Amino acid sequence: MGRESKDGSFPTGLFCVYLVYFSGQAIYNTYLNLYLAQIGFTATQIGSIISISTVALLAAQTLWGILSDRARVKNRVVCFLYLASILSALGFYLTRSYWPVVLLVAVFGACFVPIVPLNDNITLESLVNSKWDYGWIRMGGTIGYAVTVVLIGYFLRDEYSAIFWIVAAAMGLCLLFSLTIPPVKGFRNEKKKSSVREILSNRTLVVLIAFNLIYGLGNSFFYSFYSLHFIQIGGNSRLVGWMMFACSAAEAPCLMFMHRLVKKMGVARLLILAGVLTCVRWSLLYYLTDPVLIIVTNLLHGFSYTGITYCLLNYINRRVPPDLRASGQVLNATMSTVFSKLIFGYIGGAAFELWGAGSMMACSAITIGAATLFFAVWSRGKQKSLSF
């Protein structure tokens, strides 16, 4: 157990890691595709880069989760990933050719993306018996993301090549802050080791991960291609920053009170409401063309994202065997983000060129609407199995 849990002091190191990491994520996720478009790649080529690199990420996510669970100290795995992320981010300055860029995106993603679920696992393990809730620590990521997407839009001035050295610098800071976090032990010395099949045998968890996957499909398309559409209808790098700011800033109040909302509403009702609000959001993005209204609409992201994420992370941390928790968090992240990127990578890019972003948002609205209806019917009478 970490020092924060024992003395009751605020876990500053964990908070700062989230603050800086999500600042880097805001830059990379928001502006990578705009950079690729700027150096001459088509939407279809960008989509293929996402899909090809995601295949490598699928294998990498599982590997890092297993290594974290089996490590003597879980923090060391994350520190290695920070170092690898720094080197691969700087590699983008060496080439602009298609296949080398594919390789760089794959390597960087395989090191950068798994940091989120592994850090979540370390945070939740560190906060056992602590007075601090995960939501308060994760709010560091929300603040970092929200502030960065606004400021970086003004800094870049529609020139996106600077994003890689900034991301590398952010990962360097994360590495330094990680060294201040008390070690979280893995289960290398445990005689009895659980099987990964135990995760899949939990039917409730499988349904929750599947629901998160459907949510992640629309989210993946939004973050991968909607910024391209937004610029086509009159936006610019600064307005893209404000749009992403609206998404992230709306998370802050939800994170502060999410533990109370879960207790008051229950997991099932909270997830149903999150699905309904997501359906409304995607539907509005199908109709709207005014940049200001689009920015306002994305405030709906706050409750939906934090509600689904908070419930899944805490359910896994309470209902999965201790030596499988990192693997469980990685499996959830893989299905909700990595697998959805694989689906909406090449297919999403081609669909964007054929039908436009509006039609894809309409498809996303229909999909999450159907998933929410299914979940509402399935979850009746399952309050106990859904609780954590």
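- Naming follows an unreviewed UniProt entry, where the protein appears as MFS transporter of Hungatella hominis.
- In UniProt, the protein has this text filed under Subcellular location (unreviewed entry): "Cell inner membrane".

### Structural notes on the nonpolar core
Then step 1. By size, the foremost hydrophobic cluster in this structure holds 120 residues, and its most contacted members are Tyr-28, Leu-36, Tyr-82, Met-171, Phe-222, Tyr-226 and Phe-375.
Then step 2. Apart from residues lying up to four places away in sequence, Leu-36 is in contact with Phe-41, Ile-46, Ile-49 and Val-101.

### Side note on unusual backbone geometry
Then step 1. At Asn-129, a residue that is not glycine, the phi angle is positive and equals roughly 65°.
Then step 2. Tracing the sequence through the fold places Asn-129 in the loop between helix H6 (115–126) and helix H7 (134–156).

### Some points on helix H2 (residues 12–38)
Then step 1. For H2, built from 27 residues, the straight-helix expectation of 39 Å at 1.5 Å per residue is met to within 8% by its first-to-last C-alpha distance of 38 Å.
Then step 2. Bending of H2 peaks at approximately 45° at the position of Tyr-31.
Then step 3. Of all 27 residues in H2, 22 are buried, a share of seventy percent or more.
Then step 4. Backbone geometry just after H2 places Gly-40 at a positive phi near 110°.

### A closer look at the packing of aromatic side chains
Then step 1. All chains considered together, the criterion is met by 23 aromatic pairs.
Then step 2. Look at Tyr-35 and Phe-164: their rings are 4.9 Å apart centre to centre, the planes differ by 80°, and that puts the pair in the edge-to-face class. Of the two residues, Tyr-35 is situated in helix H2 and Phe-164 in helix H8 (residues 163–178); the sequence distance between them amounts to 129 residues.
Then step 3. In this structure Tyr-35 comes out as buried when scored by relative accessible area, which is 4%.
Then step 4. Taking the relative accessible area as the measure of exposure, Phe-164 reaches 1% and is therefore buried.
Then step 5. Ring centres 5.2 Å apart and planes at 35° place the aromatic pair Phe-211 and Phe-375 in the tilted group.

### Some details on the side chain of Asp-69
Then step 1. Looking at the element boundaries, Asp-69 is found in helix H3 (residues 43–70).
Then step 2. Assessed through its relative accessible area of 1%, Asp-69 is described here as buried.

### Some words on the confidence of the model for the protein
Then step 1. Per-residue pLDDT for the protein averages 87, and the proportion of residues at 70 or more is 93%.
Then step 2. The weakest mean pLDDT in the protein belongs to helix H1 (residues 3–7) at 46; the strongest belongs to H8 at 97.
Then step 3. Considering only residues more than four positions removed or in separate chains, one finds that residues 1–6, a stretch of pLDDT under 50, has 18 contacts.

### Overview of the pattern of salt bridges
Then step 1. For the structure on display, the rule yields four salt bridges.
Then step 2. Between Lys-74 and Asp-69 there is a salt bridge, with its nearest N and O atoms 3.7 Å apart. Comparing Lys-74 with Asp-69 shows no difference in burial state: the two are buried.
Then step 3. In this structure, the salt-bridge partner of Arg-325 is Glu-125, at a minimum N-O distance of 3.5 Å.

### Comments concerning the side chain of His-301
Then step 1. Structurally, the position occupied by His-301 is in helix H15 (residues 301–319).
Then step 2. Judged by relative accessible area, which is 2%, His-301 ranks as buried.
Then step 3. In contact with His-301, not counting residues within four places along its chain, are Tyr-215, Asn-219, Tyr-223, Cys-247, Glu-251 and Arg-281.

### Quick look at the environment of Ala-268
Then step 1. Here Ala-268 lies in helix H13 (residues 267–287).
Then step 2. Excluding residues within four positions of it along the chain, Ala-268 makes contact with Phe-375, Ser-379 and Leu-386.

### Description of the packing of H2 against H8
Then step 1. The interhelical angle for the contact between H2 and H8, taken along N-to-C directions, is 165°, at an axis separation of 9 Å. In terms of axis orientation, H2 runs roughly antiparallel to H8. As H2 packs across H8, the resulting crossing turns out to be left-handed. Residues Gly-13, Cys-16, Val-17, Val-20, Tyr-21, Gly-24, Ile-27, Tyr-28, Tyr-31, Leu-32 and Tyr-35 of H2 touch H8, and the partners they reach there are Ile-163, Phe-164, Ile-166, Val-167, Ala-170, Met-171, Leu-173, Cys-174, Phe-177 and Ser-178.
Then step 2. Residue composition of the contact of H2 with H8, grouped by class: 18 nonpolar, three polar and no charged.

### Quick notes on a nonpolar patch on the surface
Then step 1. Nonpolar side chains collect at one region of the surface, where Leu-90, Tyr-93, Phe-155 and Trp-165 lie side by side and expose about 430 Å² of accessible area between them.
Then step 2. Within the secondary structure, Tyr-93 is located in the loop between helix H4 (74–90) and helix H5 (98–112).

### Brief notes about the environment of Ile-233
Then step 1. As for its position among the elements, Ile-233 is in the loop between helix H10 (203–232) and helix H11 (237–249).
Then step 2. Ile-233 sits 55 residues away from Leu-288 along the chain, and the two C-alpha atoms are 10 Å apart.

Parameters and conventions
Within any chain, residue numbers begin from 1 and follow the written order of that chain's sequence. Thresholds applied to this predicted model are a pLDDT of at least 70 for local features of residues and 80 or more for the giving and counting of side-chain atom pairs; totals over whole chains, interfaces and linings are not thresholded and use all residues. Side-chain metrics rest on all non-hydrogen atoms present in the structure, leaving aside hydrogens and water. UniProt positions are given in the numbering used here, feature names are shortened, and annotations may be inferred rather than shown by experiment. We define a nonpolar core as any set of buried Ala, Val, Leu, Ile, Met, Phe, Trp, Tyr and Cys residues linked to one another through side-chain atoms lying within 4.5 Å. Any residue under 20% of the maximum accessible area for its type is buried, any over 50% is exposed, and the rest in between are partly exposed; the area is computed with a 1.4 Å probe on protein chains only. When checking whether two residues touch, look at their non-hydrogen atoms; a contact exists if any pair is within 4.5 Å. Numbering of helices and strands runs from the N terminus, with a helix taken as a DSSP run of H or I at least four residues long and a strand as a DSSP run of E at least two residues long. The span you would expect from a helix comes to 1.5 Å times its residue count less one. Two axes enter the definition of the bend at a residue: one is fitted to the seven residues ending there, the other to the seven starting there, and the bend is the angle between them. Two rings from Phe, Tyr or Trp (for Trp, the six-membered ring) form a pair when their centres sit within 6.5 Å of each other. Planes less than 30 degrees apart are called stacked, planes more than 60 degrees apart edge-to-face, and all others tilted. Per-residue confidence from the predictor is reported as pLDDT, which spans 0 to 100. Think of a salt bridge as a Lys or Arg side-chain nitrogen and an Asp or Glu carboxyl oxygen that are within 4 Å of each other. Structural elements are reduced to axes, namely lines fitted to C-alpha atoms, with helices fitted over the stretch in contact, and the angle between N-to-C directions of any two is expressed from 0 to 180 degrees. We call two directions roughly parallel when the angle between them is under 35 degrees, roughly antiparallel when it is over 145, roughly perpendicular when it lies between 65 and 115, and oblique otherwise. The handedness criterion is simple: a crossing whose near helix is rotated anticlockwise from the far helix by less than a right angle is left-handed, and one whose near helix is rotated clockwise is right-handed. Gly is placed with the polar residues, together with every amino acid not listed as nonpolar (Ala, Val, Leu, Ile, Met, Phe, Trp, Tyr, Cys and Pro) or charged (Asp, Glu, Lys and Arg). Patches here: salt-bridge-free residues with over 30% relative accessible area, like charges joined within 9 Å, nonpolar side chains (Val, Leu, Ile, Met, Phe, Trp, Tyr) joined within 5 Å. Using the Shrake-Rupley algorithm and a 1.4 Å probe, accessible areas are obtained, with residue cover drawn only from the displayed protein chains.

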